[in-house]
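Given next are the chains, with one letter for each unit.
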Amino acid sequence: DLAVTYISDALEFNGKLNLDLDKGAMVMAQLDHIRYGRNDVAMLYHTAPDAPILSVKGKAFDYAMLASEGDAMTISDFPAVKMDLDVDSLYLPKDQVMQKVKGTINCGRVRCESANLAAAFAKGGDMTLKIYREGATRKFLMQSNNAGSLLQTFDITDRMFEGSLDLSGAYDDSKQGN
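Analysis parameters
- Residues numbered from 1 in each chain as written.
- Predicted model: local features only at pLDDT ≥ 70, side-chain atom pairs only at ≥ 80, totals over all residues.
- Heavy atoms only, no water.
- Helix = DSSP H or I, 4+ residues; strand = E, 2+ residues; numbered from the N terminus.
- Buried < 20%, exposed > 50% of the residue type's maximum accessible area, 1.4 Å probe, protein only.
- Polar contact = N/O pair within 3.5 Å; in protein donor to acceptor, adjacent residues only side chain to side chain.
- Contact = heavy atoms within 4.5 Å.
- Patch = residues over 30% accessible without salt bridge, like charges linked within 9 Å, V, L, I, M, F, W, Y side chains within 5 Å.
- Areas by Shrake-Rupley, 256 points an atom, 1.4 Å probe, with all protein chains shown as cover.
- Salt bridge = Lys/Arg side-chain N within 4 Å of Asp/Glu carboxyl O.
- Core = buried A, V, L, I, M, F, W, Y, C linked by side-chain atoms within 4.5 Å.

**Describing the side chain of Asn 39**
Looking at where Asn 39 falls in the secondary structure, it is placed in strand 4 (residues 39-46). Taking relative accessible area as the criterion, Asn 39 reaches 8% and is therefore assigned buried. At 2.7 Å, the side chain of Asn 39 forms a polar contact with the backbone nitrogen of Asp 62. When neighbours within four sequence positions are excluded, Asn 39 is seen to be in contact with Ile 34, Ala 60, Phe 61, Asp 62 and Met 65.

**Side note on a nonpolar patch on the surface**
A cluster of nonpolar residues, Leu 2, Leu 19, Leu 21 and Met 26, forms a patch on the protein surface that exposes about 390 Å² of accessible area. Among the secondary structure elements, Met 26 is positioned in strand 3 (residues 25-36). Residue classification places Met 26 among the partly exposed residues on the basis of a relative accessible area of 34%.

**A few points about the nonpolar core**
Val 87, Leu 90, Met 98 and Met 127 are the most contacted members of the largest nonpolar core, which totals 31 residues. Counting residues per element, the ones that place at least two in this core are strand 3, strand 5 (53-62), strand 6 (81-92), strand 7 (96-107), strand 8 (112-121), strand 9 (126-134), strand 10 (137-144) and helix 2 (147-153). Leu 90 has contacts with Phe 61, Tyr 63, Leu 85, Gln 96, Val 97, Met 98 and Val 101, leaving out every residue within four places of it along the chain.

**Some details on the environment of Phe 13**
Assignment of secondary structure puts Phe 13 in strand 2 (residues 11-20). Given a relative accessible area of 24%, Phe 13 falls into the partly exposed group. Considered as a pair, Phe 13 and Arg 35 are 22 residues apart in the sequence and their alpha carbons are 6.4 Å apart. When residues no more than four places from it in sequence are discounted, the contact partners of Phe 13 are Val 4, Thr 5, Tyr 6, Leu 31, His 33 and Ile 34.

So yeah, pure geometry; function would need other evidence.
Right under this line is the structure:
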């Protein structure tokens, strides 16, 4: 294990890293505090055979920083990761913000097998998103008590306000993808 600390005006982090020097790869990173741009979190990352495991907890996580300009916010492009998320603010592309984001996402190389997320919208209302198994069938459920905020946050339309949304269905897992 390698203890690391770095402090500057733009970036601050401290924690420890575990490197596999033979493979030239990071095995684990436990960063007790990261402050960079809008990020202010603690993060735990370690490799696993199917997908890396990532835990992000804290005041703010800037997902927009990771996305390329113009990226859509779809689960179809979500990377292989097992993620535990608990942040006060989640910054999305196009300056959208979700609040009180908490839950888990389990995506493999082929598809997201499960998710259980809850969040509030900066513009009012909240949502839940679930991917789950019912027997052999993988199902999707998204609910919101403010459909307008959901559609605005995910950059679908800025012309709808309020309302509710209940979206559910079964996946066709005979095809590849999420």
